[in-house]
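# Examining the three-dimensional arrangement
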Amino acid sequence: MTGREVVELVKQNVGVPWRDQSYRDTFKFGDPDTPIKGIATTMMVTFGMLKRANEAGLNMVITHEPTFWNDRDETKDLVNDPLYQAKTGYMRENGMVIWRFHDHMHAMQPDYTVVGELRSVGVKGGENAEMHPGVLPIPETTLGEFASQAKRLSGARALRCVGDPKAKVGRVLLGPGYATPRMTSDTDIVVGGEQQEVDGLFDNVQYVADAASLGIPKGLVMLGHVVSEQAGMEDLGKWMQTFITGVPIRFVPADEPYWT
Amino acid sequence: MKIPDISRRRFVQVAGVAAGTQFPLRGADTPTAKAVVQRVQSALGGQWVADGVDGFKAGNPNTPVKGIATTAMATMDVLKQAVQSGANLIFTHEPTFFGRQDGPSPLRPSDLPGLSADDPVYLAKKEFIDKNGLVVFRLHDNWLSRRGSDMTAGLAQELGWAKNRVRPDDGLYEIPSVTAEEAVAHIRQKLKLRGGLRAVGDRTATVKRVLLLPGFTTPAVMRRRYREADLTITGEVREWENTFYAADVFTAGERRGLVTVGRVVSEDPGMCVCAEWLKTMVTEAPVRWIPAGDLYWRAV
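Residues numbered from 1 in each chain as written. Chains lettered and ligands numbered in written order. Predicted model: local features only at pLDDT ≥ 70, side-chain atom pairs only at ≥ 80, totals over all residues.

Scanning chain A for helices and strands turns up 8 helices and 10 strands. For 260 residues, the compact-globule estimate of 2.2 N^0.38 gives 18 Å, and chain A sits close to it at 19 Å. Taken over the C-alpha atoms alone, chain A extends approximately 60 × 40 × 35 Å along its principal axes. The buried share among the 260 residues of chain A stands at 51%. (Helix = DSSP H or I, 4+ residues; strand = E, 2+ residues; numbered from the N terminus. Rg over C-alpha atoms; globule rule 2.2 N^0.38 Å. Buried ≥ 20, exposed ≤ 12 C-beta atoms within 10 Å, placed from the backbone.)

This is the structure:
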């Protein structure tokens, strides 16, 4: 089976019309007609993840996020960059094929990134969640307890929170990756991957901090981009195993980049 | 109190009249917030950028100024401290009302992420401002375009590295050799960080050259400058861009690191410099710096 044939099978099974104008869901490196020995699914094809995939004999990587540190995977400004040269050199030497699966993954029913993220923070009932699951109820707890549970279940090292840890909370609004939702009037906790801290369309950080200062119970839990979407890429691999046989499919996590 | 809505055009007219205004002597009548802003505009010189985000965001510009506070971001806690310290004019580098729009936006589908006019946090904050007679002015674009280097110098000052600047007006500093872990501990302590600091790359790297980039760092700047230093210290990057660039640089064998401290925290010290600068042109009222601080904490 070639890389191109793998992608064709994904397109046939994705359950939503394929939009060819997506600049994200395309081959990012390598010859699509390369015979595939094994497939690695991952949240982000970091250099470290790439090496682990190759060492495990997997020469195709299906990554949710970019390969070359920008959303469009533009490379024209990178050709002289030593890191770009090292990373592409490694992929070329080892005959690797990289394909990004992002936009259509979020359009799937369920959206595995959201399913995985809900599981990662201990919110029940999200097994069939779509990209915008809406406000979900949780048994009443405090922001601090919810955050501790999220840290324990997700394993996030650099999970950041805003708000009063003692605030009573029971309604969660969650989004994957950079799609961190804005705080709403019927939400107690917003959970996301990452978000511009300030000067954006809606600044959750300031809003939640000010709410706390005013005694209004609100909380923000930022998991980090990788952690927020990581679990869903394992689910994606399992889904692919239902229609791809004869080629091993394995989840190879990207490491959380932070050491503190 | 009715808050007059000064349109952008009107504000530019007001600002235009201000050119050449003499600074009143100590003991003269208390200036209004508008008069203080006019002094700032004159002192900054050059063409005032009027189509950006700068301007009055809350309060009556004709309010006599009792005291001035500068901050990276006018949070509720900063406003409370301002009131306690007797300051009623606040210069904030970042928004007051939860976004670039800095206030409610009409609810059209394209504006869905925006703030609604009946939002309880917005209303309570605005009420606090009005009740205490505060005036809030955002000083961002015009400050950065003429005094951007002060944001870097302020951060270096706060970190105790002010004397180590390699080139004037630049972010590169040479410091006594430490490990990346020691540098991070130093930064954490000096900037009074709680949960906002995140570090990527080689924690054992020897750090002699640091690059200070307060605010947000774009991928273009990252690629151009990351290799000039052993440790790059910035406010904020996009994780899926520069954070992973730094992580991949480390995997590729280069011994350097990236530290993000939070955008607001990285801008606080620059607004301390701004307070010192304001003291040179406002002698009738005290000027103080009120840092917004690190708003994040970590789950245990």
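So, about the pairing of strand 9 (residues 219-222) of chain A. All names here are of chain A. Burial along strand 9 is two-sided: Gly219 and Val221 facing one way and Leu220 and Met222 facing the other are all buried. Pairing analysis gives 4 bridges linking strand 8 (residues 189-192) to strand 9, with the strands arranged parallel. Bridge pairing in strand 9 places Val190 opposite Leu220. This β-α-β element, strand 8 to helix 7 (residues 204-213) to strand 9, shows right-handed connectivity. (Pairing = 2+ DSSP bridges. Right-handed = clockwise from strand over helix to strand, strands pointing away.)

So, about the interface of chain B and chain A. Interface size is often expressed as the accessible area that is lost when the parts come together. With 47 residues of chain B in contact, the opposing surface of chain A contributes 46 residues. At the level of secondary structure, the elements contributing two or more residues to the side of chain B that touches chain A comprise helix 3 (76-84), helix 4 (120-131), strand 6 (198-201), helix 7 (219-225), helix 8 (239-251), helix 9 (263-279) and strand 11 (297-298) of chain B. (Contact = placed C-beta atoms within 7 Å.)

Let us look at helix 1 (residues 3-13) of chain A. Residues and elements named next belong to chain A. Listed as buried for helix 1 are Gly3, Val6, Val7 and Val10. Each buried residue of helix 1 sits inside an arc of 95° when the element is viewed along its axis, so together they form one side. Opposite the packed face of helix 1, turned more than 90 degrees from it, sit the exposed residues Glu8 and Gln12. The elements touched by buried residues of helix 1 are strand 2 (39-42), strand 3 (60-63), strand 4 (97-100) and helix 8 (225-241). Two residues or fewer past helix 1, Gly15 is found with a positive phi of approximately 85°. (Arc of directions from axis to C-beta.)

Residues and elements named next belong to chain A. Parsing chain A into structural domains produces domain 1 (3-108) and domain 2 (112-226). Centre-to-centre separation of domain 1 and domain 2, based on C-alpha positions: 29 Å. Contacts between domain 1 and domain 2 engage 6 residues on the former and 4 residues on the latter. (Domains from an automatic or database assignment.)

We now examine unusual backbone geometry. All names here are of chain A. For the peptide bond that leads from Gln109 to Pro110, omega is 0°, which places it in the cis range. For Pro110, the location among the structural elements is in the loop between helix 4 (103-107) and helix 5 (112-120). Even without a glycine there, the phi angle at Asp73 is positive, about 50°. Taking the C-beta count within 10 Å as the criterion, Asp73 has 19 such neighbours and is therefore assigned partly exposed. The phi dihedral of Asp199 is positive, around 70°, even though this residue is not glycine. Looking at the element boundaries, Asp199 is found in the loop between strand 8 and helix 7.

Further remarks concern the domain arrangement of chain B. Residue and element names in this part refer to chain B. Here chain B is described as being made up of domain 1 (8-146 + 267-289) and domain 2 (147-263). Between domain 1 and domain 2, the residue contacts involve 9 residues of the former and 13 residues of the latter. Contributing elements (two or more residues each) for the side of domain 1 that touches domain 2: helix 5 (141-159) and helix 9. With 5 residues, helix 9 is the largest single contributor of residues to the side of domain 1 that touches domain 2.

The next point concerns the nonpolar core. Judged by nonpolar contacts, the single largest core of 156 residues is most densely connected at Leu159 and Val221 of chain A together with Ile68 and Ile90 of chain B. Those residues in contact with Ile68 of chain B that lie beyond four places of it in its chain are Val36, Ala87, Leu89, Phe91, Leu278, Val282, Ala285 and Val287 of chain B. (Core = buried A, V, L, I, M, F, W, Y, C linked by C-beta atoms within 7 Å.)

Another aspect to go through is the packing of helix 5 of chain B against helix 9 of chain B. All names here are of chain B. Running from N to C, helix 5 and helix 9 cross one another at 110°; their axes reach a closest spacing of 7 Å. When the axes of helix 5 and helix 9 are compared, the pair comes out roughly perpendicular. Together, Trp143, Asp150, Met151, Ala153, Gly154, Leu155, Gln157 and Glu158 of helix 5 and Ser266, Glu267, Pro269, Gly270, Cys272, Val273 and Cys274 of helix 9 make up the contact between the two elements. For the contact of helix 5 with helix 9, the class distribution of residues is 8 nonpolar, 4 polar and 3 charged. (Axes fitted to C-alpha atoms, helices over the stretch in contact; angles between N-to-C directions. Parallel < 35°, antiparallel > 145°, perpendicular 65-115°, else oblique. Nonpolar A, V, L, I, M, F, W, Y, C, P; charged D, E, K, R; others polar.)

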